[in-house]
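An overview of the molecular structure
This is what each chain is made of:
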Amino acid sequence: MAASPPLALFVGMPGLELSPSEMAFFREANPLGLFLFRRNLETPDQIRRLCAQFRDAVGRADAPIYIDQEGGRVQRLDAGSWPAFRSFGEFGALAQKDLELGKHALRLSSLAMGAMMRELTLDSGTTPILDLSRADTHGVIGNRSFGSDPDLVALLGRVVMEAMLEVGAMPIIKHVPGYGRVSVDPHFDCPVVDASLEEMWESDFRPFMALRDAPFAMVAHLIFSRIDPDRPASVSPILHGLIRDELGFEGVLITDCVTMEALSGPWPDRVKAALDAGYDIALHSQGDLAASLAAAEAARPLSALSLERLARAEARRGSSRCDVMALHAQVEQIFIDAGFV
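Residues numbered from 1 in each chain as written. Predicted model: local features only at pLDDT ≥ 70, side-chain atom pairs only at ≥ 80, totals over all residues. Heavy atoms only, no water.

Where helix α3 (residues 88-97) contacts helix α12 (residues 324-337), the two axes come as close as 11 Å, and the packing angle between them is 50 degrees. Taken as axis vectors, α3 and α12 run oblique relative to one another. Read as a crossing pair, α3 and α12 show a hand that is left-handed. For the pair formed by α3 and α12, the contact residues are Glu90, Phe91 and Leu94 on the first element and Val331, Ile334 and Phe335 on the second. The residue inventory of the contact of α3 with α12, partitioned by class, reads five nonpolar, no polar and one charged. (Axes fitted to C-alpha atoms, helices over the stretch in contact; angles between N-to-C directions. Helix = DSSP H or I, 4+ residues; strand = E, 2+ residues; numbered from the N terminus. Parallel < 35°, antiparallel > 145°, perpendicular 65-115°, else oblique. Left-handed = near helix turned anticlockwise from the far one by under 90°. Contact = heavy atoms within 4.5 Å. Nonpolar A, V, L, I, M, F, W, Y, C, P; charged D, E, K, R; others polar.)

The buried fraction of strand β1 (residues 7-11) amounts to five of the five residues, a majority that puts the element mostly inside the structure. Judged by which residues are buried, β1 turns out to be covered on both faces: Leu7, Leu9 and Val11 on one side and Ala8 and Phe10 on the other are all buried. Examined bridge by bridge, β1 and strand β2 (residues 31-35) share three bridges and lie parallel to one another. Directly across from leucine 7, in β2, lies its bridge partner proline 31. Each parallel crossover has a hand, and the one from β1 via helix α1 (residues 20-29) to β2 is right-handed. Bridging between β1 and strand β11 (residues 281-284) involves three bridges; their strand directions are parallel. Along β11, the bridge assignment pairs phenylalanine 10 with leucine 283. (Buried < 20%, exposed > 50% of the residue type's maximum accessible area, 1.4 Å probe, protein only. Pairing = 2+ DSSP bridges. Right-handed = clockwise from strand over helix to strand, strands pointing away.)

Note that all results are geometric; they support no functional claim without further evidence.
Below, the structure written as structure tokens:
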């Protein structure tokens, strides 16, 4: 008899290794993947051991393990063992000065970052960011974005996507359909965007349209009052329909973390609402075992269609290898030669 599909769920955990009770939970619940934070990442050997523990517990050697690794202020691999990568805002600024040089530097950096993660047996840094950044955009985005020009954002986002795939890391474009107009931090409040659909199609939606062939996308927690005034995008069937049918995105859709306060109600209810809305996977990265148990009870196995999307995404991953430190040094020299600190 065929085994049941994994749950349509990513969860977190609190420490540097799995406890016996956590191993038992993963073995029984079988969530699709694990999402790690700085609290879980100490040394290369420790990270590889932790990843092996999780994969052994769920019985899937290819079970995905993700982190946030964009560069700049959002990079979980930030201890002494790893290089410090520049923010997308810095690459955007370099590209505005010299487009080809900016693209080249970004490709080298993305290859290095992706290869570094694969050496640690991590699958994705949940990158690149395709949100626009304007003068009035909340600082939660800031220099995580390539900038305010949707065409440049799309162009540079594709550079990251293709480089990550080349070295076997899974690119995840985010945060569809766009945090570029938010004035509050969705970690603490629910942003409401009142822009018209015409405005959104002319700006914020454009990078996501341009990269609608991406294997994965992460869905934002914000209300578009002109589309669905009652529900944030990550729990809205209407926004799910827009992303699938109008943006034309056919890849895997995973929510931003459902424990963020942009959403309301008990956390397990948020997991259920996201899956009910049609999204493939709910991300619940709160690392408490009791919370993960409750999330697992609210989740459901991956659908046949979601499994097909995951298989297509996995098939696109390459296996190229590169010298992480050498590529990173080249990137730094490019910025120095271009007059950037």
